[in-house]
Amino acid sequence: MIVGRGPSALAALLLLCCYTTHAAAADLADKLRDDSELSQSTAKSFKRLMPVRFYSLLEQNPVANATLSLRSCTIFVPTNEAFQRHKGPTHVLYHITTAAFSKDQLEKTVSSDMEGNPPLYITKSRNGDIYVNNARIIPSLSVELTNREGKRQVMHIIDEVLEPLTALPTAKTEINNLDALQFIQKADQLSVGDNKLRTYRSQLALMKKESLYNAPGAHTFLLPVDEGFKITTRSSLVDGKVIDGHVIPNTVIFTAASQHDEPKTSAAFEDQLKVTVSFFKQKDGKMYVKSNTIVGDAKHPEGVVLSEIVKANIPVKNGVIHLIRRPLMIIDTTVTQFLQDNGENGALRKFLEVIMDSGGAVLDGINNLSEVTILAPSNEAWNTSSIDNIVRDRKRMTDILNMHIIKERLNVEKIRQKNANMIAQVPTVNNRTFLYFNIIGEGADAKITVEGGGVNATILQADVAQTNGYVHIIDHVLGVPHTTVLGKLETDPMMSDTYRMGQFSNFNDQLNNTQRRYTFFVPRDKGWQKTELDYPSAHKKLFMRDFAYHSKYILERHLVIADHVFTMKDLAQMSLTTDNVVLPTFRDSLKMKVTEEAGRYVITWNYKKINVYRPDVECTNGIIHVIDYPLLEEKDIVVSGGSYMPESSICIMLANLIMITVAKFLN
């Protein structure tokens, strides 16, 4: 029987023919030649997947040859590309199990034919992919047949070479199919690179937690290496509960099959202490694991701890082991120490580089704060050309870096509290600069965004806890605009009403023009909502397509077009020497006065005071000032008998009517 019959499956069948006896191979080859679906071009395209190297390994292994000739079996065959990536020896028998399993028949574990029969772990992901340990079975390339002895055999093509746990050549004792406890006890004799586990091993014995690691079943074990205990007092913090927090019971998680940022219950999950563990991968390919102490106690504070996986996917008899750079759950470093620890080849390497290149004063400032929260851009966030030009400007870069620093402990729970009735506004150490947090969605699917200096960023990793505050890793550098006025209007949840009005009136079309410089006074959504109370009928018509012309006219009043932008500081300075600052707009001019009151900017327009809610939101082609109320008055709008016009339009019509009347009189 051929599973996934077609050109690829038939070509895969040709591959398996090489493993059977000559007579059987010849018969199958005849059938293959008779199959019209296999064209020469198909064979060529499949050549890339042909694991030629695996043939030679099979031919050299008498046990594998005997199995293929005489027994039922399942064989997991790595592609040529998998061999090219693979370093080290290949254990052929670890790729064979002495029972035939189609993809649907694969259970959570199957025993390999390697000495000691170490298990292979099967993971079926939500999207339908099936993994053997850390290798994915390539869909449509699985083949089933019966050999000349009448035994059913199955082949699956996989994208990685399977790697069993092996001993060093210098090991004095035989090592086969160890459980996690035996792995810890014999780690110095195993092929795990330069990683040592002596500190964690001694704490495990001291806390008498050995039974957790030799428990039967299939679990995930996270073992911190000795490098993570450079802080001399850290090992004393590894108590029984911390050890529990390094085990995910009854679940085997290999990195390729892991669900990104999906919390798993650790063994430290009870009434008084609740710790989850999750995996995530950075764009540079590095894998991390994090603990999240949701409910803490006096010895185990709440918060997230990150740790890089230094050696992943080590299969053992009762699950899988990942060696990690530092222990989870333990919060014993300041924010400054965390940045330094994660600066050298870590998750925040580029952030620390920019801080040090700007003179290091920013780091000193962080170090002097008793309570601090850092919004730290990821390494990928710095990979934009717009940032390259700014990095050379130390003063501006210092201002931008300070925009990422908050002088208080601000975790997600506090952000939720601040965001209960409005978008949370939080001051930074940068004078007059505020950050605006917004929570989109609910529960586990909620996404937290932060806006600063015109840039919207999403928090990728929240609540990374330190002794004096928190670090939130974000996906953009704040204060370095990367979108136009239109792009900002479209994506900012505070400006959605203005964007919607501009869309149906075609006002927005101009806002992507990068050859112009705009200063746009944008009423926030709550400002438009206030007009609904003040002028209910007019407000309704402002958002109706039938009155798009008039909506456009009102918006044009808010848009200043010049050869440069006007910051709030500029406008306040200009207002010191005149009663009204005159700014050029699309149709006419905008007259206003800007003052500073109680640390906030206030616009006076037509004798009406309007607060500036968010000043100086930078964009690539201009600047936005978010205001608390539209530049709108009752006399602007006339609503009568189903008609609606701004006052200026009525004046134009009256003037035209007078001119027509005069012309008739003169004739």
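Residues numbered from 1 in each chain as written. Predicted model: local features only at pLDDT ≥ 70, side-chain atom pairs only at ≥ 80, totals over all residues. Heavy atoms only, no water.

**Quick word on helix α8 (residues 198-206)**
Moving on, step 1. All buried positions along α8 are accounted for by Tyr-200, Gln-203 and Leu-204. One face of α8 carries all of its buried residues, which in axial projection span an arc of 105°.
Moving on, step 2. On its buried face, α8 is in contact with α7 (180-185), α9 (210-213), β9 (219-224) and α10 (240-244).
Moving on, step 3. Of the residues flanking the end of α8, it is Lys-208, one or two places downstream, whose phi is positive at about 55°. (Buried < 20%, exposed > 50% of the residue type's maximum accessible area, 1.4 Å probe, protein only. Helix = DSSP H or I, 4+ residues; strand = E, 2+ residues; numbered from the N terminus. Arc of directions from axis to C-beta. Contact = heavy atoms within 4.5 Å.)

**Looking at the sheet that holds strand β28 (residues 608-619)**
Moving on, step 1. Ordered in space as β24-β23-β29-β28-β27-β26-β25, the 7 strands form an open sheet in which the pairing is mixed. Pairing within the sheet leaves two strands with one partner each, and these edge strands are β24 (559-562) and β25 (581-584). With strand direction ignored, the average angle separating the axes of adjacent strands in the sheet is 35°.
Moving on, step 2. Alignment of strand β23 (residues 517-523) against β24, held across 4 bridges, turns out to be antiparallel. Paired with Tyr-518 across the strands is Ile-561, a residue of β24.
Moving on, step 3. Of the strands in this sheet, β23, β24, β26 (589-597) and β27 (600-605) are in contact with helix α21 (residues 548-557), which crosses β24 at around 60°. (Pairing = 2+ DSSP bridges. Axes fitted to C-alpha atoms, helices over the stretch in contact; angles between N-to-C directions.)

**Let's talk about empty space enclosed by the protein**
Which parts of space are left empty comes out when a probe the size of a water molecule is rolled across the atoms.
Moving on, step 1. Counted under the stated rule, the structure contains 2 cavities of 30 Å³ or more.
Moving on, step 2. Estimated volume of the second largest cavity: approximately 60 Å³.
Moving on, step 3. Every residue lining the second largest cavity is listed: Ile-423, Tyr-436, Phe-437, Asn-438, Thr-449, Glu-451, Asn-456, Asp-492, Pro-493, Met-494 and Arg-614.
Moving on, step 4. Mapped by element, the contributors of at least two residues to the lining of the second largest cavity are β19 (434-440) and β20 (447-452). (1 Å grid on protein atoms, 1.4 Å probe; cavity = no way out; pocket = protein on both sides within 12 Å on 5 of 7 lines; lining within 4 Å. Points joined across faces, edges and corners; volume = space filled by probe spheres on them.)

**As for the pairing of β25**
Moving on, step 1. Burial of the side chains of β25 is restricted to one face: Val-581 and Leu-583 are buried, whereas none of Val-582 and Pro-584 on the reverse face is.
Moving on, step 2. Bridging between β25 and β26 involves 4 bridges; their strand directions are antiparallel. Each bridged residue has a counterpart across the sheet, and for Leu-583 the counterpart in β26 is Leu-590.
Moving on, step 3. With antiparallel pairing between neighbouring strands as the criterion, β25 and β26 make up a hairpin whose turn holds 4 residues.

**A look at the pairing of strand β8 (residues 152-158)**
Moving on, step 1. Among the 7 residues that make up β8, 6 are buried, leaving the element largely enclosed by the rest of the structure.
Moving on, step 2. Judged from the 6 bridges that link them, strand β1 (residues 73-78) and β8 form a sheet pairing that is parallel. If you follow Phe-76 over to β8, its bridge partner there is His-156.
Moving on, step 3. As paired strands, strand β7 (residues 143-146) and β8 are joined by 4 bridges and run antiparallel to one another. Residue pairing in the sheet places Thr-146 in a bridge with Arg-152 of β8.
Moving on, step 4. Counting the residues in the hairpin turn of β7 and β8 gives 5 residues, including Gly-150, whose phi is positive at 80°.

**Quick look at the side chain of Asn-133**
Moving on, step 1. As for its position among the elements, Asn-133 is in the loop between β5 (130-132) and β6 (135-136).
Moving on, step 2. Side chain to side chain, Asn-133 and Tyr-94 meet in a polar contact 2.9 Å long.
Moving on, step 3. When neighbours within four sequence positions are excluded, Asn-133 is seen to be in contact with Tyr-94, Leu-120, Tyr-121, Leu-162, Phe-254 and Pro-315. (Polar contact = N/O pair within 3.5 Å; in protein donor to acceptor, adjacent residues only side chain to side chain.)

**Digging into helix α22 (residues 568-575)**
Moving on, step 1. Within α22, the full set of buried residues consists of Met-568, Leu-571, Ala-572 and Ser-575. Viewed along the axis of α22, the buried residues span an arc of 100°, placing them on a single side of the element. Turned more than 90 degrees off the buried face of α22, the exposed positions are Lys-569 and Gln-573.
Moving on, step 2. Its buried side turned inward, α22 meets β23, β25, β26, β27, β28 and β29 (622-627).

**Observations concerning the packing of aromatic side chains**
Moving on, step 1. Using the criterion set out here, one finds 8 aromatic pairs in the structure.
Moving on, step 2. Taken together through their ring pairs, the aromatic side chains of Tyr-200, Tyr-213 and Phe-221 make up a single cluster.
Moving on, step 3. Across from the ring centre of Phe-434, 5.2 Å away, lies the NZ or CZ of Arg-600, which sits over that ring.
Moving on, step 4. Arg-614 extends its terminal NZ or CZ atom over the ring of Tyr-436, reaching a point 4.7 Å from the ring centre. (Phe/Tyr/Trp six-rings, centres within 6.5 Å; stacked < 30°, edge-to-face > 60°. Lys NZ or Arg CZ within 6 Å of the ring centre and 35° of its normal.)

**Brief notes about unusual backbone geometry**
Moving on, step 1. One non-glycine residue, Asn-177, adopts positive backbone phi at about 50°.
Moving on, step 2. Within the fold, Asn-177 resides in the loop between β8 and α7.
Moving on, step 3. By relative accessible area, which is 22% here, Asn-177 ends up partly exposed.
Moving on, step 4. Unusually for a residue other than glycine, Met-329 sits at a positive phi of about 70°.

**Regarding the confidence of the model for the chain**
Moving on, step 1. Model confidence for the chain is summarised by a mean pLDDT of 85, while 86% of its residues fall at 70 or above.
Moving on, step 2. Every residue in residues 639-645 is under pLDDT 50, and counting partners more than four places away or in other chains gives 22 contacts. (pLDDT = per-residue confidence, 0-100.)

**Comments concerning the packing of helix α18 (residues 496-504) against α21**
Moving on, step 1. Running from N to C, α18 and α21 point in directions that differ by 130°, and their axes come no closer than 8 Å. What the angle tells us is that α18 and α21 run oblique. The two elements α18 and α21 cross, and the hand of that crossing is left-handed. Contacts between α18 and α21 pair Thr-498, Met-501, Gly-502 and Phe-504 from the former with Ala-548, Ser-551 and Leu-555 from the latter.
Moving on, step 2. A class-by-class count of the residues in the contact of α18 with α21 yields 4 nonpolar, 3 polar and no charged. (Parallel < 35°, antiparallel > 145°, perpendicular 65-115°, else oblique. Left-handed = near helix turned anticlockwise from the far one by under 90°. Nonpolar A, V, L, I, M, F, W, Y, C, P; charged D, E, K, R; others polar.)

**Examining the layout of surface pockets**
Moving on, step 1. The volume enclosed by the largest pocket comes to roughly 1300 Å³.
Moving on, step 2. For the lining of the largest pocket, the secondary structure elements donating two or more residues are β12 (274-281), β13 (287-295), β14 (303-316), α16 (412-418), β20, β21 (455-466) and β22 (469-474).
Moving on, step 3. No other element matches β21, which puts 6 residues into the lining of the largest pocket.
Moving on, step 4. Residue composition of the lining of the largest pocket, grouped by class: 15 nonpolar, 14 polar and 12 charged.

**Here's the deal with the packing of helix α12 (residues 349-357) against helix α15 (residues 394-402)**
Moving on, step 1. α15 packs onto α12 with a crossing angle of 130° between their chain directions and a minimal axis gap of 10 Å. Taken together, α12 and α15 sit at an angle that is classed as oblique. Of the two possible hands of crossing, α12 and α15 adopt the one that is left-handed. Each of Phe-351, Val-354, Ile-355 and Asp-357 in α12 lies in contact with α15, whose residues at this interface are Arg-394, Met-397 and Leu-401.

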